[in-house]
Amino acid sequence: AKELGTARHEVFVEGMDTQAVERWQLETDLRAGLQNQEFQLYYQPIISLKTGKIAGFEALVRWVSNKRGFVSPGDFIPLAEETGLIVPLGQWILQEACQQIQRWHEQFPEIVPLIMSVNLSGRQFTQPDLVKQIQKILDEVNIEGDRLKLEITESMMMNDVETAIDLLRRLKGLGLRLSIDDFGTGYSSLSYLHRFPVDTLKVDRSFVGRMEEGSDSEKYIQIVRTIISLGHNLDLDVIAEGIETEAQVRVLESLNCEYGQGYYFSKPLSAKDAEELLNQDKEW
Ligand code: C2E
Ligand code: CA
Ligand code: CA
Ligand code: CA
């Protein structure tokens, strides 16, 4: 039994080592990837459920690694966050997304407003010079702040609520729009929600996806209904994410949800393909 224990112990330690090595390797590759400009932005349309037309896009980062091939954000954003690499990466993402929305704004002036949503990570949120950096990008790219919407999560707000509210106010001061992402999945902040100077709630896709399947579907419709009412009572627009079926669209329309996003409308697209949709003046 003792021998077995020892053997197991060794396997365990080896496993740990492998993990640490893999992590280190991933970090090294991430740094190289930043150097070699291996990142791209994809754009998922956000649709007005009233008009069926594109109202904006969410920028989603993609890593096409020379060495690893396609790596999904779920597999490298957490490490980028831990290592702080998200700060330069996030800076690039903001810049690239702003340049793209500026180009589309010029090409498609009739779509008003055409808004670019960008995910902000917790680490970026606590960078002391965030507001200054964004101001600089807006100036350089020469766009109005209201073209850009930042998506933040409730948990980013809850560490130090007063400081977070102050930061959000300063971002609003640049004219930016703000959205609470994955609403309902983070730390509950219902008692603070009315104090957050945000414009939009995004209903998490875990709720939307359960609205029409399984024995709890009726409950999930009620949850989504409640989130939408909550948003409306606070004067916020609501975006439902992860819409995959027409039936979900119908339910969300009946609940007066303003915007929708999901594979039913479109997967995230390359800039070229997104532009093609804008050219077609696509209507759902
Ligand atoms: P998120 O912000 O909640 O982004 C939405 C995710 O849902 C995206 O995954 C999108 O491709 C996916 N999605 C959209 N519609 C559907 C649908 O109908 N069904 C399903 N099952 N999924 C759908 P993605 O691009 O893999 O990103 C995953 C997460 O990684 C994001 O979740 C976000 O937290 C993070 N992320 C992505 N891009 C960025 C970025 O540029 N910066 C930061 N800080 N985080 C990012
Ligand atoms: Ca998001
Ligand atoms: Ca989300
Ligand atoms: Ca998320």
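About the criteria used
Residues numbered from 1 in each chain as written. Chains lettered and ligands numbered in written order. Predicted model: local features only at pLDDT ≥ 70, side-chain atom pairs only at ≥ 80, totals over all residues. Heavy atoms only, no water. Helix = DSSP H or I, 4+ residues; strand = E, 2+ residues; numbered from the N terminus. Buried < 20%, exposed > 50% of the residue type's maximum accessible area, 1.4 Å probe, protein only. Contact = heavy atoms within 4.5 Å. Near = heavy atom within 4 Å. Polar contact = N/O pair within 3.5 Å; in protein donor to acceptor, adjacent residues only side chain to side chain. Areas by Shrake-Rupley, 256 points an atom, 1.4 Å probe, with all protein chains shown as cover. 1 Å grid on protein atoms, 1.4 Å probe; cavity = no way out; pocket = protein on both sides within 12 Å on 5 of 7 lines; lining within 4 Å. Sits in = over half its atoms within 2 Å of the grid points. Donors = N, O, S within 2.8 Å, 3.2 Å for Na, K, Ca; no water. Phe/Tyr/Trp six-rings, centres within 6.5 Å; stacked < 30°, edge-to-face > 60°. Lys NZ or Arg CZ within 6 Å of the ring centre and 35° of its normal.

Undergrad: Is there a simple way to think about the environment of Met116 in this case?
TA: Within the secondary structure, Met116 is located in strand S4 (residues 115–119). We classify Met116 as buried; its relative accessible area is 0%. It is 8.6 Å that separates the C-alpha atoms of Met116 and Gln100, two residues lying 16 residues apart in sequence. Not counting the four nearest positions on each side in its chain, Met116 is found in contact with Tyr43, Phe57, Ala59, Ala97, Gln100, Ile101, Trp104, Arg147, Leu148 and Lys149.

Undergrad: It is not clear to me how the site of ligand 1 should be interpreted in this structure. Could you clarify?
TA: In the vicinity of ligand 1 lie 20 residues, with Arg62, Asn119, Arg205, Glu244 and Tyr263 positioned nearest. Note that a nitrogen atom of ligand 1 is positioned 3.0 Å from one of the side-chain N or O atoms of Gln44. A distance of 2.8 Å separates an oxygen atom of ligand 1 from a polar atom in the side chain of Arg62. Out of a free accessible area of 790 Å², ligand 1 has 81% covered by protein chains. Of all the cavities here, the one that holds ligand 1 is the largest pocket. Take the shell around ligand 1: its biggest share by element is four residues, from strand S2 (residues 54–65).

Undergrad: Please clarify how the coordination of the calcium ion (ligand 2) should be interpreted in this entry.
TA: Each pair of donors in an ideal octahedron of six around a metal sits at 90 or 180 degrees, and each pair in an ideal tetrahedron of four sits at 109.5 degrees. At this site the calcium ion (ligand 2) is bound by Glu58 (OE), Asn119 (OD1), Glu151 (OE) and Asp181 (OD), with donor distances of 2.2 to 2.4 Å. Taken in sequence order, the residues that donate to the calcium ion (ligand 2) follow the motif E-x60-N-x31-E-x29-D. Between the two metals, the calcium ion (ligand 2) and the calcium ion (ligand 3), the spacing is 3.8 Å, and Asp181 donates to both. Of this pair, Glu58 sits in strand S2 while Asp181 is found in strand S6 (residues 177–183), placing the two residues 123 residues apart along the sequence. As far as burial versus exposure is concerned, Glu58 and Asp181 are alike and both buried.

Undergrad: Even after reading the chapter, I still don't get the packing of aromatic side chains, so can you show me in this structure?
TA: What characterises a pair of aromatic rings is the spacing of the ring centres plus the angle enclosed by the ring planes. Counted under the stated rule, the structure contains nine aromatic pairs. Between the aromatic rings of Trp63 and Phe76, the centroid separation amounts to 5.5 Å while the plane-to-plane angle is 75 degrees, which identifies the pairing as edge-to-face. Of this pair, Trp63 sits in strand S2 while Phe76 sits in helix H2 (residues 73–83), and the two are 13 residues apart along the sequence. Under the relative-accessibility criterion, Phe76 is labelled buried at 0%. Residues Phe265 and Trp284 carry aromatic rings whose centres are separated by 5.9 Å and whose planes lie at 90 degrees to one another, so their mutual orientation is edge-to-face. Here Phe265 is found in the loop between strand S9 (259–260) and helix H12 (271–280), whereas its partner Trp284 is found in the segment after H12, with 19 residues between them in sequence. Looking at Phe265, the relative accessible area reads 9%, which means it is buried. Taking relative accessible area as the criterion, Trp284 reaches 29% and is therefore assigned partly exposed. An aromatic cluster of three or more residues is present, and its members are Phe39, Trp63 and Phe76. Above the face of the Tyr263 ring, Lys267 is positioned so that its terminal group lies 4.7 Å from the ring centre.

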